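# Geometric and topological summary
Now for the letters of each chain:
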Amino acid sequence: MDSSQEKHLDTKRGLHYRYYVSSSGGPSQPTLLLLHGWPDSALLWQYMLQHLAQLKLKIVIPDLLGYGGTSKPTKPELYDHRLIAQDVSEILDAEHIDKVIPIGHDFGCWFTTRFHLHYPERCVATVHIGIAYMPPITEMPSLDTLNAMTKQQVGYPRYSYFHFFTALDAPAIFAQHMESTWHVLHGDREDWIKHIFCTPNAMRDFIAAGRTDVPLRPYAQDHQLKREWMAGLPTAADWQATLCWYRAFVDGVQSEADTSIPVERYRLELPVLTIMCEGDGVNPPKTLEAPKQAGLLPDLREEVLPCGHWCPYEAPEELSSMIVEFVRGKGFGG
């Protein structure tokens, strides 16, 4: 991937991680730590690396637990964010890296904040792409309650798709209908993400029927990109591992882990860049208002991209430019 070196590490808890490291950067500067979300891998960032290279900072890009060349356990309790944060910290230690700027997309954005909350001494700034800051939730409400809350807030059940993602038959449905899944993720129709993710049973019904009758966004018409993505999720067991991130959330694994975070850390006392996407109905830009109004982001810079959820694919140059300007503005990079 680009000129990055592929590396491997077995963590203290016996899990294997694959990650990539660039050759740039010195010990006096922070490292960019790129954290992908569902259902991606380190390859999510491939189109951004040439643009981020102008910062002349080291870049570390792991396949997070359950993805790519990293171990794929199927027990949700192994996805406790305290444990994954420890795994990532071990990668940094192996590379003799002290300070980082975590940059996350999708569920990787949620994990970015958890990494910072566990290791604030390692983080000098952070970038949230596509998802607003979610402070710790020490008691996870039921999915029905959560969706009722979001319906009251934004007018529709934002987390309706969680019912499908946590169903026992979901891994097999995804694995058997990869082409349909690609169209679900990258369909190019007005309010597509909002419809397919937030309408009850819409995603399940579309994929189970093997449908592809929605056009693809231009970037998703790249056959090599699709082949690379499909090669990383060939079986139902692979999909089961990725969905453990959601099972751990719904089953209370993560809310129990959130109880370990001191309340005084909920306010992010570091520079934060949040980049939201206009075409993302699951995570609309207005969801950033709650943590802002609560005073949890005292040093916040906000940006909005006119694109869909997968902006690292759709707008890599524009997204990278926002990050470069933010990082340089905080006195880091070349």
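Treat the numbers as computed from the prediction; the structure is a model and nothing was measured. (Residues numbered from 1 in each chain as written. Predicted model: local features only at pLDDT ≥ 70, side-chain atom pairs only at ≥ 80, totals over all residues. Heavy atoms only, no water.)

Looking now at helix α3 (residues 107–118). Taking 1.5 Å as the rise per residue, α3 with 12 residues should run 16 Å; its terminal C-alpha atoms sit 17 Å apart, in good agreement. In terms of burial, α3 is largely enclosed, as 12 of its 12 residues are buried. Taken together, the buried positions of α3 are Phe107, Gly108, Cys109, Trp110, Phe111, Thr112, Thr113, Arg114, Phe115, His116, Leu117 and His118. Elements that come into contact with the buried residues of α3 comprise β3 (31–35), α2 (81–94), β5 (100–105), β6 (126–129), α11 (236–250) and α12 (253–258). (Helix = DSSP H or I, 4+ residues; strand = E, 2+ residues; numbered from the N terminus. Expected span 1.5 Å × (residues − 1). Buried < 20%, exposed > 50% of the residue type's maximum accessible area, 1.4 Å probe, protein only. Contact = heavy atoms within 4.5 Å.)

Where a strand is regular, its side chains alternate between the two sheet faces. Here strand β4 (residues 59–62) shows two buried faces, one formed by Ile59 and Ile61 and the other by Val60 and Pro62. Note that β3 and β4 share two bridges and pair parallel. Its bridge partner being in β4, leucine 32 is matched across the sheet by isoleucine 59. (Pairing = 2+ DSSP bridges.)

Trans is the common state for peptide bonds, and a negative phi is the common state for residues other than glycine. Between tryptophan 38 and the following residue, proline 39, the backbone shows a cis peptide bond with an omega angle of -15°. Despite not being glycine, lysine 56 shows a phi value in the positive range, around 60°. Inspection of the secondary structure puts lysine 56 in the loop between α1 (49–52) and β4. Its relative accessible area of 59% is what places lysine 56 among the exposed residues. We note that asparagine 201 has phi near 70°; this positive angle belongs to a residue other than glycine. Relative to the helices and strands, asparagine 201 resides in the loop between α8 (192–198) and α9 (202–208).

Now for the pattern of salt bridges. Per the stated rule, a full pass over the model turns up 19 salt bridges. The closest approach of N and O atoms between aspartate 238 and lysine 72, which form a salt bridge, is 2.8 Å. In this pair, aspartate 238 sits in helix α11 while lysine 72 sits in the loop between β4 and α2, placing the two residues 166 residues apart along the sequence. Relative accessible area serves as the criterion here: at 10%, aspartate 238 is assigned to the buried category. A salt bridge links arginine 204 to aspartate 169, with the nearest nitrogen and oxygen atoms 2.9 Å apart. (Salt bridge = Lys/Arg side-chain N within 4 Å of Asp/Glu carboxyl O.)

Taking the numbering used here, the UniProt-annotated feature "domain: AB hydrolase-1" (unreviewed entry) corresponds to residues 30–315. Secondary structure content for residues 30–315 is 40% helix and 11% strand, and the end C-alpha separation is 25 Å. (UniProt positions renumbered as here; feature names shortened; annotations may be inferred.)

This next bit is on the pairing of β3. With five of five residues buried, β3 is to be regarded as a mostly interior element. Taking every second residue as pointing to the same face, both faces of β3 are buried, with Thr31, Leu33 and Leu35 on one and Leu32 and Leu34 on the other. Bridge count between β3 and β5: five bridges; the pairing is parallel. Bridging from a neighbouring strand, leucine 32 pairs with isoleucine 101 of β5.

This part covers the packing of aromatic side chains. For the coordinates displayed, the defined rule picks out 31 aromatic pairs. Centre to centre, the rings of tyrosine 161 and phenylalanine 162 are 5.0 Å apart; their planes meet at 75°, and the pair counts as edge-to-face. One exposure class covers both tyrosine 161 and phenylalanine 162, and it is buried. Aromatic side chains tyrosine 161 and phenylalanine 197 sit 5.0 Å apart centroid to centroid with 80° between the ring planes, which places their arrangement in the edge-to-face category. A residue pair is termed long-range when its members are at least 10 positions apart, and tyrosine 161 in the loop between α4 (143–154) and α5 (162–165) and phenylalanine 197 in helix α8 qualify at 36 residues. Note on accessibility: tyrosine 161 and phenylalanine 197 belong to one class, buried. (Phe/Tyr/Trp six-rings, centres within 6.5 Å; stacked < 30°, edge-to-face > 60°.)

Right, let's talk about the sheet that holds β3 for a bit. The strand order β1-β2-β4-β3-β5-β6-β7-β8 describes an open sheet built from eight strands, whose pairing is mixed. Every other strand in the sheet has two partners, leaving β1 (5–10) and β8 (300–305) as the edge strands with one partner each. Recorded for the sheet is a direction-independent mean angle of 20° between the axes of neighbouring strands. Looking at chain direction, β1 and strand β2 (residues 16–21) are connected through six bridges and run antiparallel. Counterpart to histidine 8 in the pairing with β2 is arginine 18. Strand contacts of α2: β1, β2, β3, β4 and β5, with the helix running at about 50° to β2, the strand carrying the most contacts. (Axes fitted to C-alpha atoms, helices over the stretch in contact; angles between N-to-C directions.)

Taking 1.5 Å as the rise per residue, α2 with 14 residues should run 20 Å; its terminal C-alpha atoms sit 20 Å apart, in good agreement. What α2 keeps buried is the set His81, Ile84, Ala85, Asp87, Val88, Ser89, Glu90, Ile91 and Leu92. Phi turns positive, to about 60°, at histidine 96, one or two residues after α2.

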